[in-house]
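# Observations on chain architecture
One letter stands for each residue in the lines below.
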Amino acid sequence: MTAEPNSGGETQARRRYVDRSVRLWLGLPNSSGIDTPRLPSQLERQFLRIEEYERPDRDEWGCWDHSFSENFLDGNLGVPEVDRWLVERRVELGAHTNLEPLWPDGTRFAVCLTHDVDVLSARSTPRQVVRHATAGLRRGEGAHDPLRFARPPIRAARAMRRGLSRSPSTLDTIELSSSLETAHEATASYFFTMPASGGGSRYDCTYAPEDSCTFRGARTTVSELIRAIADDGFDVGLHGSYYSAVHPGVLAAERDRFESATGIMPTTTRQHFLHWDIARTPQLQNSAGFTADATLGFNRTVGFRASTALPFRQFDVTADEALPLLEVPLVVEDSALLGPIAERGGSDHARERVQELVDVTRDVGGAMTFLFHPDKLLNPDWLELYEWSLRYLAESGAWLTSLGNLEQWWTARERKLLDT
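Notes on the structure in this doc start here. (Residues numbered from 1 in each chain as written. Predicted model: local features only at pLDDT ≥ 70, side-chain atom pairs only at ≥ 80, totals over all residues. Heavy atoms only, no water.)

## Overview of the overall build of the protein chain
The condition is simple: Strands here mean DSSP runs of E at least two residues long; helices mean DSSP runs of H or I at least four residues long; both are numbered from the N terminus. Within these notes, the globule rule equals 2.2 Å times the number of residues to the 0.38 power, and the radius of gyration is based on C-alpha atoms. Think of it in three bands: with a 1.4 Å probe and only protein chains considered, a residue is buried below 20% of the maximum accessible area for its type, exposed above 50%, and partly exposed in between.
Helix and strand counts for the protein chain come out as 15 helices and twelve strands. For the protein chain, whose C-alpha radius of gyration is 21 Å, the value lies close to the compact-globule estimate of 22 Å for 420 residues. Seen through its C-alpha atoms, the protein chain measures out along the principal axes to roughly 65 × 45 × 45 Å. A total of 420 residues make up the protein chain; the buried ones form 59% of that total.

Here's what the structure looks like:
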């Protein structure tokens, strides 16, 4: 159960935070002498995610499901209401003052291309099969788990059917997605898991940094693959394990393991299974040293969880404290469109939904995060959706970038606005 928000009402810290966010979104310099427009109370409630503090509802994976959302019940989940209000204020202010552009080089909107590397390849190593099978013995959230002892043989059989390899190839997964992005002169974020051995959840990924794989025709390790991706200019971040979202110290330990294995200290992150608790996870991510997160979305549908498609620094309502951690909302996820628990409709419906969300984000000049899993590109329908999305985003004038690059741009823009 999530903690109650601090008094449920406005505080000085909260007022300063909201006003600062609005000022940065508008691009209104401190030197302008213009007062910050006041965000309407209902939009402020949606932006601060007050309903997630107030209601204990969580789905079977411990996540805030879209069906709990007030915006979903009102039919507004696909509408960035905060951003539409901001567009009106920009028009008013732009008539008599210069506003700082949101994005570089005159681009209309920004898109973070991201990938959760849950699975490296269609095939698995024998050790990965064993890890995956034994992880099935771990209990879920509830103490009663009647399927616990049935999972290991089922998992092992499924992995065997997909095929074994001493060095599984990434040709049709990570290599494919990165080559598509390079062809569009885009970059992206790749989030890799680094869970410690033992413990953990049955939902966690089961490859390890020392595992062998084949990357660009050469046998290598997962650690070396990560370094190669980073050397190519892609952002490599941590895909925090299931329990790292709520258990203190786990995320920091995984970040340390990432650095030890690769020589790279990641600054960007996304939680596995989108397991994210508003009263705990941002604080844990911030304490672990991350500067940007892209978890704030839904597993079973697409849309605007905080009623905005713009980046913002997190605010802990319970602690009444602003955090330096930047959140770039997750708006489109492949599994939420084509997965077994997704909204129904198939490939045509998925393209229509992506187009709707891209168009509205472009119209308000926002930023949105796309999540496509590299292993899902083995399915022709999922691959076609990603290829179509990249083409449509490029045609729409998007800045196609990584979470790390966007965080650097946004931080520099903040400094410019606040120092002027």
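Here the narrative resumes, following the displayed structure.
## Considerations on the pairing of strand β4 (residues 218-221)
To keep things clear, this is the line we draw: By the convention used here, strands pair only if DSSP detects at least 2 bridges between them.
Pairing analysis gives four bridges linking strand β3 (residues 212-215) to β4, with the strands arranged antiparallel. In the sheet register, S212 faces β4, and the bridge partner there is T221. The turn linking β3 back onto β4 is made up of two residues, and R216 within it adopts a positive phi angle of 55°.

## Things to note about the packing of helix α1 (residues 12-26) against helix α15 (residues 403-419)
Put simply, the test is: Lines fitted to C-alpha atoms define the axes here, with helix axes fitted over just the stretch in contact, and angles between the N-to-C directions of these axes take values from 0 to 180 degrees. Here the angle decides the label: under 35 degrees means roughly parallel, over 145 means roughly antiparallel, 65 to 115 means roughly perpendicular, and every other value means oblique. Here a residue-residue contact requires only that any non-hydrogen atoms of the pair lie within 4.5 Å. Residue type decides the class: Asp, Glu, Lys and Arg count as charged, Ala, Val, Leu, Ile, Met, Phe, Trp, Tyr, Cys and Pro as nonpolar, and the leftover types, Gly among them, as polar.
Where α1 meets α15, the axes come as close as 10 Å, and the angle between the chain directions of the two elements is 100°. By the criterion of interaxial angle, the relationship of α1 to α15 is roughly perpendicular. Each of R20, L24, W25 and L26 in α1 lies in contact with α15, whose residues at this interface are W410, R413, E414, L417 and L418. Residue composition of the contact of α1 with α15, by class: six nonpolar, no polar and three charged.

## Notes on the side chain of E327
Convention followed: The convention is simple: Lys and Arg are positive, Asp and Glu are negative, and His and the chain ends are not counted. Whenever Lys or Arg places a side-chain nitrogen within 4 Å of a carboxyl oxygen from Asp or Glu, that contact is recorded as a salt bridge. Polar contact is defined as a pair of N or O atoms within 3.5 Å, subject to the rule that within protein one atom must be able to donate a hydrogen and the other to accept it, and that residues adjacent in sequence are counted only when both atoms are side-chain atoms.
As for its position among the elements, E327 is in strand β9 (residues 321-327). It turns out E327 is buried and unbridged, and the closest side chain with the opposite charge, R270, is 7.5 Å from it. A distance of 3.2 Å separates a polar side-chain atom of E327 from the backbone nitrogen of L296. Those residues in contact with E327 that sit more than four places away from it in its chain are W276, D293, A294, T295, L296, L310, P311, F312 and Q314.

## Observations concerning the pattern of salt bridges
If you walk through the whole model with that rule in mind, you get 25 salt bridges. The partner of E10 in a salt bridge is R38, with the nearest N and O atoms 3.1 Å apart. Here the residue E10 occupies a position in the segment before α1, and R38 occupies one in the loop between α1 and α2 (41-48), the gap between them amounting to 28 residues. E10 sits in the partly exposed class, given a relative accessible area of 43%. Of the charged contacts in the structure, one is a salt bridge between R353 and E356, with a shortest N-O distance of 3.1 Å.

## Section: α2
Along α2, the residues that are buried comprise L43, E44, Q46, F47 and L48. The secondary structure elements touched by the buried residues of α2 are α1, α3 (50-54), α4 (70-73), α5 (81-94) and β8 (312-316). Directly beyond the C-terminal end of α2, a positive phi value near 60° is found at R49.

## Let's talk about the packing of helix α6 (residues 126-135) against helix α7 (residues 151-162)
This is how it is decided: Here a crossing is taken to be left-handed if its near helix is turned anticlockwise relative to the far helix by less than a right angle, and right-handed if that turn runs clockwise.
Viewed as axis vectors pointing N to C, α6 and α7 meet at an angle of 150°, and their least axial separation amounts to 7 Å. Here α7 runs roughly antiparallel to α6, going by the angle between their axes. Every pair of crossing elements has a handedness; the one defined by α6 and α7 is right-handed. Contact with α6, carried on its side by V129, H132, A133 and A135, involves P152, R155, A156 and A159 of α7 and no other residues of that element. Looking at side-chain class alone, the contact of α6 with α7 contains six nonpolar, one polar and one charged residues.

## Quick word on the environment of G33
Residue position: G33 is located in the loop between α1 and α2. Classification of G33 as exposed rests on a relative accessible area of 64%. A C-alpha to C-alpha distance of 60 Å links G33 and R219, two positions 186 residues apart in sequence.

## What about the packing of aromatic side chains?
Test applied: Centres within 6.5 Å are what make two rings of Phe, Tyr or Trp a pair, Trp counting through its six-membered ring; a difference in plane orientation under 30 degrees is then read as stacked, over 60 as edge-to-face, and the rest as tilted. Geometrically, a lysine NZ or arginine CZ counts as sitting over a ring once it is within 6 Å of the ring centre and also within 35 degrees of the ring normal.
Under the definition given, this model contains 17 aromatic pairs. On the numbers, 6.3 Å between centres and 50° between planes, the contact of W103 with W399 is tilted. Taken as a pair, W103 in the loop between α5 and β1 (109-117) and W399 in strand β12 (residues 398-401) lie far apart in primary sequence, 296 residues in all. A relative accessible area of 4% places W103 in the buried class. Members of the aromatic cluster, each reached through a chain of ring pairs, are Y17, W25, F47, F312 and F315. One residue, R255, lies across the ring of F290, its end atom 5.2 Å from the ring centre. Here the basic side chain of R413 rests over the ring of W410, its NZ or CZ set 4.8 Å away from the ring centre.

## Some words on the environment of L28
Position of L28 among the secondary structure elements: in the loop between α1 and α2. L28 sits 298 residues away from L326 along the chain, and the two C-alpha atoms are 19 Å apart. Leaving out residues up to four positions away in the same chain, L28 has contacts with R23, I34, D35, P37, L93, T97, L99 and L417.

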